[in-house]
Amino acid sequence: MAELDDPAVTTYLEPEDQQVDDSGVDEAADDVSSTQSISSSILRYRVENGRTYTTYGSGEYSLPTDEEEQDRLTDEHEEAEVLGLDLSPIQPSWFEVDDLEKPWMFKHPFDFVFIRSMIASFKDWRVVFNEAFKNIEPGGYIEVQDNVYPLASDNDTTKSTNILRWSELMVEAADKLGRSITVARDFESMLADAGFVDIVEIRKKIPMNRWPKDLRYKELGTWSCHMLRNGIEGISMGLLTGLGLSVEEVHVLLANVRKDLSDTTIHGYWDTYDTPLP
Ligand SMILES: C[S@@+](CC[C@H](N)C(=O)[O-])C[C@H]1O[C@@H](n2cnc3c(N)ncnc32)[C@H](O)[C@@H]1O
């Protein structure tokens, strides 16, 4: 079960006090510098008595975080067998290539199945959840995490923005392909229909950039902005040209979306659904 003080569990996100629209700033430099400061803070460490400790966050995590400790943790769970699955041979060597929408033919049942960021991938999530249910041993668990498009907001700051328009076009394009990107809000009912019980669903808000006042959300938003900025062309080109936009039109739209992505006067967030482990 997620902790109550989980930074991602909230109903209202307060924006940072801001009078100035900084959409005109050099968003690339802006994004790089905030990402760099996050990366460097994560990488900070101290060495004591020959062991390495992280100083990221409160710096209060008292166990070492070096290779020796990683070996100890791996040994502690050496009974665990982990199998990754992907349709394409693009993942690490412990992944197998498989289509999860086809009947699952594994030798042993799983005690835990984890599915993340698969919107726009599966045509029929019910098939996947039914197969998961058949292939999880009694008492086992499933965790599913994904975003919902279009961009959400609790005020009108996303109105008439390119990023909202882009995210709505993405919904239309994914629907046309029959691979919904709004499906995550139905996970709970689909899991129940597949036979799962005691389902706990948590809805999280992931800010589109560093607009929130709360420092933890600001960091979350910086990461989400960085990830979308890096991946936006890949996730958009096929879908949007499939909707009839030309490659040039997509490039122009994405240039404007990138500007919005760095604009902290736009208080958009991604609605995210999770069925966490108890
Ligand atoms: C957005 S990526 C997410 C990857 C990973 N789950 C993660 O969280 O980083 C979606 C992946 O799903 C894979 N995929 C798409 N359809 C699939 C299917 N029917 N069965 C298995 N993998 C599939 C794609 O090859 C792609 O690598």
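Please refer to the structure higher up on the page.
These notes cover the structure that comes with them.

The rules we used
- Residues numbered from 1 in each chain as written.
- Predicted model: local features only at pLDDT ≥ 70, side-chain atom pairs only at ≥ 80, totals over all residues.
- Helix = DSSP H or I, 4+ residues; strand = E, 2+ residues; numbered from the N terminus.
- Buried ≥ 20, exposed ≤ 12 C-beta atoms within 10 Å, placed from the backbone.
- Contact = placed C-beta atoms within 7 Å.
- Pairing = 2+ DSSP bridges.
- Right-handed = clockwise from strand over helix to strand, strands pointing away.
- Core = buried A, V, L, I, M, F, W, Y, C linked by C-beta atoms within 7 Å.
- Axes fitted to C-alpha atoms, helices over the stretch in contact; angles between N-to-C directions.
- Parallel < 35°, antiparallel > 145°, perpendicular 65-115°, else oblique.
- Left-handed = near helix turned anticlockwise from the far one by under 90°.
- Expected span 1.5 Å × (residues − 1).
- Arc of directions from axis to C-beta.

It is worth spelling out the overall build of the protein at this point. Counting secondary structure elements, the protein contains seven helices and eight strands. Looking at the protein as a whole, 21% of its 278 residues are labelled buried. Residue pairs at least 24 apart in sequence account for 69% of intrachain contacts in the protein once pairs closer than 6 positions are excluded.

What follows concerns the pairing of strand β5 (residues 110–116). Of the pairings in the sheet, the one linking β5 to strand β6 (residues 136–153) comprises six bridges and is parallel in character. Directly across from F114, in β6, lies its bridge partner E143. Taken together, β5, helix α3 (residues 125–135) and β6 form a β-α-β motif whose crossover is right-handed.

This part covers unusual backbone geometry. The omega torsion across Y149 and P150 is -5 degrees, close enough to zero to call that bond cis. Unlike most non-glycine residues, S160 shows phi in positive territory, near 60 degrees. Structurally, the position occupied by S160 is in the loop between β6 and α4 (162–177). Overall, S160 belongs to the exposed group, with 7 C-beta atoms counted inside 10 Å. At D198, a position not held by glycine, the phi torsion is positive, near 55 degrees. Tracing the backbone through its elements, the reader meets D198 in the loop between α5 (187–194) and β7 (202–207).

Taken as a class, soluble globular proteins show a tendency for nonpolar side chains to be buried jointly. I163, M170 and M208 are the most contacted members of the largest nonpolar core, which has 32 residues in total. At the level of elements, β5, α3, β6, α4, α5, α6 (215–242), α7 (247–261) and β8 (268–274) are the ones that each hand at least two residues to this core. Residues contacting M208, with those up to four places away along its chain left out, are L151, I163, G221, S224, C225, L261, G268, Y269 and W270.

What follows covers the environment of K213. Among the structural elements, K213 can be located in the loop between β7 and α6. Assessed through the 12 C-beta atoms surrounding it within 10 Å, K213 is described here as exposed. Sequence spacing of K213 and L13 is 200 residues, and the spatial spacing of their C-alpha atoms is 7.8 Å. Those residues within four positions of K213 in sequence are excluded, and the remaining contacts are E14, P15 and E16.

Before going further, it helps to examine the environment of L228. As for its position among the elements, L228 is in helix α6. Taking C-alpha positions, L228 is 9.0 Å from R258, a pair spaced 30 residues apart along the chain.

The next point concerns the packing of α3 against α5. Close contact between α3 and α5 brings their axes to 9 Å; oriented N to C, the two are set at 45 degrees. Taken as axis vectors, α3 and α5 run oblique relative to one another. The hand of the α3/α5 crossing is right-handed. The residues of α5 that touch α3, namely those facing W125, R126, F129, N130 and F133, are M190, L191, D193 and A194.

This brings us to the sheet that holds β8. Reading across the sheet, the four strands line up as β5-β6-β8-β7 and stay open at both edges, with mixed pairing between neighbours. Each having just a single partner strand, β5 and β7 make up the two edges of the open sheet. Between one strand axis and the next, the sheet turns by 15 degrees as a mean value, whatever way the strands run. Where α4 meets the sheet, it contacts β6 and β8, and its direction lies at approximately 130 degrees from that of β6.

Over its 15 residues, α7 runs 21 Å from end to end, which matches the ideal 21 Å to within 8%, given 1.5 Å per residue. When we look at burial in α7, the residues that qualify are V250, V257, D260 and L261. For α7, the angular spread of the buried residues around the axis is 95 degrees, confining them to a single face. Across α7 from its buried face, at more than 90 degrees, point the exposed residues E248 and A255.

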